[in-house]
Amino acid sequence: MRSTRRDLLKFGTLAAAAAALPSFATPGTATAPVARAAKPLDILILGGTGFTGPFQVNYALARGHKVTLFNRGKRPSPEWPGEVEQLHGDRNTGDLKSLAGRKWDVCIDNPTSLPFWVRDAARVLKGNVGHYMFISTISVYADGSRHGIDEHSPLAVYKGRDAMAETQESLRADMENLYGPLKALSEAEVRKHFGERTTIVRPGYIVGPRDETDRFTYWPLRVAQGGEMLVPGDGQDPIQIIDGRDLGEWMIRLAEARAYGVFNAVGPDYTLTTDAMLYGCQAVTANGVQLTHVTPKFIEDQKVELPIWVPRADNPYAGYGTVSNARALAAGMTLRPLATTVADLLAWFHSLPADRQAKPRAGITREKEAELLAAWKAGKSG
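Residues numbered from 1 in each chain as written. Predicted model: local features only at pLDDT ≥ 70, side-chain atom pairs only at ≥ 80, totals over all residues. Heavy atoms only, no water.

Overview of the pairing of strand β6 (residues 198-203)
Inference 1: In terms of burial, β6 is largely enclosed, as six of its six residues are buried.
Inference 2: Along β6, one buried face is formed by T198, I200 and R202 and the opposite face, lined by T199, V201 and P203, is buried too.
Inference 3: Pairing of strand β5 (residues 132-135) with β6 involves four bridges; the strand directions are parallel. Paired with I135 across the strands is V201, a residue of β6.
Inference 4: Two elements, β6 and strand β10 (residues 261-265), share five bridges in a ladder whose sense is parallel. Its bridge partner lying in β10, I200 is registered against V262. (Buried < 20%, exposed > 50% of the residue type's maximum accessible area, 1.4 Å probe, protein only. Helix = DSSP H or I, 4+ residues; strand = E, 2+ residues; numbered from the N terminus. Pairing = 2+ DSSP bridges.)

Thoughts on the packing of aromatic side chains
Inference 1: Within this structure, the stated rule accounts for six aromatic pairs.
Inference 2: On the basis of an interplanar angle of 65° and a centroid distance of 6.4 Å, the ring pair of F51 and F55 is categorised as edge-to-face.
Inference 3: Here F55 falls in the buried class, since its relative accessible area comes to 9%.
Inference 4: One cation-aromatic arrangement involves R327 over F263; the distance from NZ or CZ to the ring centre is 4.5 Å. (Phe/Tyr/Trp six-rings, centres within 6.5 Å; stacked < 30°, edge-to-face > 60°. Lys NZ or Arg CZ within 6 Å of the ring centre and 35° of its normal.)

What to know about the pairing of strand β2 (residues 66-71)
Inference 1: Most of β2 is tucked away: five of the six residues are buried.
Inference 2: By the bridge criterion, five bridges tie strand β1 (residues 42-46) to β2 in an arrangement that is parallel. Directly across from L44, in β2, lies its bridge partner T68.
Inference 3: Taken together, β1, helix α2 (residues 53-62) and β2 form a β-α-β motif whose crossover is right-handed.
Inference 4: Across four bridges, the pairing between β2 and strand β3 (residues 85-88) is parallel. Residue pairing across strands places N71 opposite H88, the latter belonging to β3. (Right-handed = clockwise from strand over helix to strand, strands pointing away.)

As for unusual backbone geometry
Inference 1: G267 connects to P268 through a cis peptide bond whose omega is 0°.
Inference 2: Tracing the backbone through its elements, the reader meets P268 in the loop between β10 and α8 (274-285).
Inference 3: Positive phi is not limited to glycine here, since R258 has a value of about 50°.
Inference 4: Checked against the element boundaries, R258 lands in the loop between α7 (244-257) and β10.
Inference 5: One non-glycine residue with positive phi stands out, namely K303, at about 55°.
Inference 6: Along the chain, K303 falls in the loop between α9 (296-301) and α10 (326-330).
Inference 7: Residue class for K303 comes out exposed when judged on its relative accessible area of 67%.

Topic: the confidence of the model for the protein
Inference 1: Taken over all residues, the pLDDT of the protein has a mean of 91, while the share at 70 or more is 91%.
Inference 2: When the criterion is pLDDT under 50, residues 10-28 qualifies, and its contacts beyond four places in sequence or with other chains add up to 35 contacts. (pLDDT = per-residue confidence, 0-100. Contact = heavy atoms within 4.5 Å.)

So, the pattern of salt bridges
Inference 1: Counted by the stated rule, this structure contains 23 salt bridges.
Inference 2: We note a salt bridge from D120 to R119, for which the minimum N-O separation is 3.0 Å.
Inference 3: We classify R119 as partly exposed; its relative accessible area is 22%.
Inference 4: Two residues, E212 and R361, come together in a salt bridge whose shortest N-O distance is 3.0 Å. (Salt bridge = Lys/Arg side-chain N within 4 Å of Asp/Glu carboxyl O.)

Some points on α7
Inference 1: With 14 residues, α7 should reach 20 Å at 1.5 Å per residue; the first-to-last C-alpha distance of 20 Å fits that figure.
Inference 2: In terms of residue burial, α7 counts as a mostly covered element, since eleven of its 14 residues are buried.
Inference 3: When α7 is considered as a whole, its buried residues turn out to be G244, R245, D246, L247, G248, E249, W250, M251, I252, L254 and A255. (Expected span 1.5 Å × (residues − 1).)

Some remarks on the side chain of R245
Inference 1: Residue placement: R245 occurs in helix α7.
Inference 2: R245 gets classed as buried once you look at its relative accessible area, which sits at 4%.
Inference 3: There is a polar contact of 2.7 Å between the side chain of R245 and the side chain of D344. (Polar contact = N/O pair within 3.5 Å; in protein donor to acceptor, adjacent residues only side chain to side chain.)

Here's the deal with the environment of L46
Inference 1: As for its placement among the helices and strands, L46 is situated in strand β1.
Inference 2: With 41 residues separating them along the chain, L46 and L87 place their C-alpha atoms 9.5 Å apart.

Some points on the nonpolar core
Inference 1: Ranked by size, the top nonpolar core spans 36 residues in total, and within it F216, W219, M229, L230, L278 and I299 carry the most contacts.
Inference 2: When residues of this core are traced back to their parent elements, those giving at least two are β7 (205-207), α6 (218-225), β8 (227-232), α8, β11 (289-294), α9, α11 (338-349) and α13 (366-381).
Inference 3: Top element by residues in this core is α11. It accounts for six residues.
Inference 4: Ignoring sequence-local partners within four residues, the contact set of L278 consists of W219, V223, M229, V231 and L291.
Inference 5: Of all hydrophobic cores here, the second largest spans 31 residues; its members include I43, Y59, I206 and A328. (Core = buried A, V, L, I, M, F, W, Y, C linked by side-chain atoms within 4.5 Å.)

Structure, rendered in structure tokens:
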């Protein structure tokens with residue numbers, strides 16, 4: 001089965017599940033001292049305890065900002081004892097009372113996929129925040145097959161009856177058709193209420209430590225095992241990812257700069273092919289691996305799904321590997337080396353409980369891979 005929008009969408013479902021997990025230390029992610037910002041900000045983060053949120057918080061604190069989190073309180077945040085204000089409520093039920101009568105310089109909206117969440121937040125925050133930042137997705141684009149998608153490309157159109165009536169349940173029931181359009185409408189709702197004082201950030205695949213989806217993680221884990229490895233395509237299909245730390249930290253700098261507008265948050269700043277990614281993983285793991293390439297048709301005929309990878313042609317999401325990031329780079333987005341992301345990701349993954357490590361959430365098993373390799377070789381010799 002070829003990768004589809006579902007691969008990108010899995011993040012939302014698994015991120016929600018991850019909210020119930022305890023926080024883990026992130027080995028191997030020490031960074032250089034962070035300079036203080038010229039002007040401290042009072043920052044409200046909606047969410048903040050999932051994947052990218054903690055990176056936003058850590059960086060904001062290091063820059064000297066004051067941080068308030070608003071979420072359901074389902075996941076304690078022992079990483080910041082006494083440093084971060086915690087407000088509780090539930091956007092799904094409209095419980096935003098704890099935000100009433102408060103003012104912040106900037107609000108960062110991390111988890112929203114439903115337009116009514118933005119509408120309800122605006123009823124409380126409009127006039128009380130100077131800058132509204134919204135994490136969206138490249139899934140908002142109407143034509144994912146087109147290469148070179150930029151911020152001006154047409155957006156997906158909602159075809160349902162009432163977008164404001166959509167719920168988490170209805171979204172989960174039809175993610176393929178609803179996720180992109182509802183994110184696009186959520187963006188529109190942000191602009192409706194906050195006007196030009198908005199920043200829309202559209203990431204693609206977010207990877208690195210704390211990624212509970214294992215979509216990208218599958219590849220360095222598999223390379224680390226060595227041996228013959230099944231690789232989809234000819235190795236030249238482009239892949240775009242962004243380390244969650246790069247995304248989170250850049251959003252804080254965007255807030256400091258009052259950088260309004262729309263930005264595609266994808267990396268790297270060069271063309272990364274499937275083979276280049278795998279050899280980059282090999283350079284970190286130092287394990288010998290033999291890449292055996294199989295055709296996209298073989299993958300589709302075998303009805304398997306390999307995460308992150310999308311063929312560069314004849315696929316409705318072929319453009320997901322060539323989205324333009326020129327505007328984001330011009331606005332100061334920085335991207336750490338692939339080797340750093342891979343090394344830190346593996347260190348974090350191996351710090352998880354043994355039962356979690358034993359059950360990766362994406363990719364295929366070694367047994368299934370051996371079966372596919374045998375079928376591929378049999379087909380070639382037959």
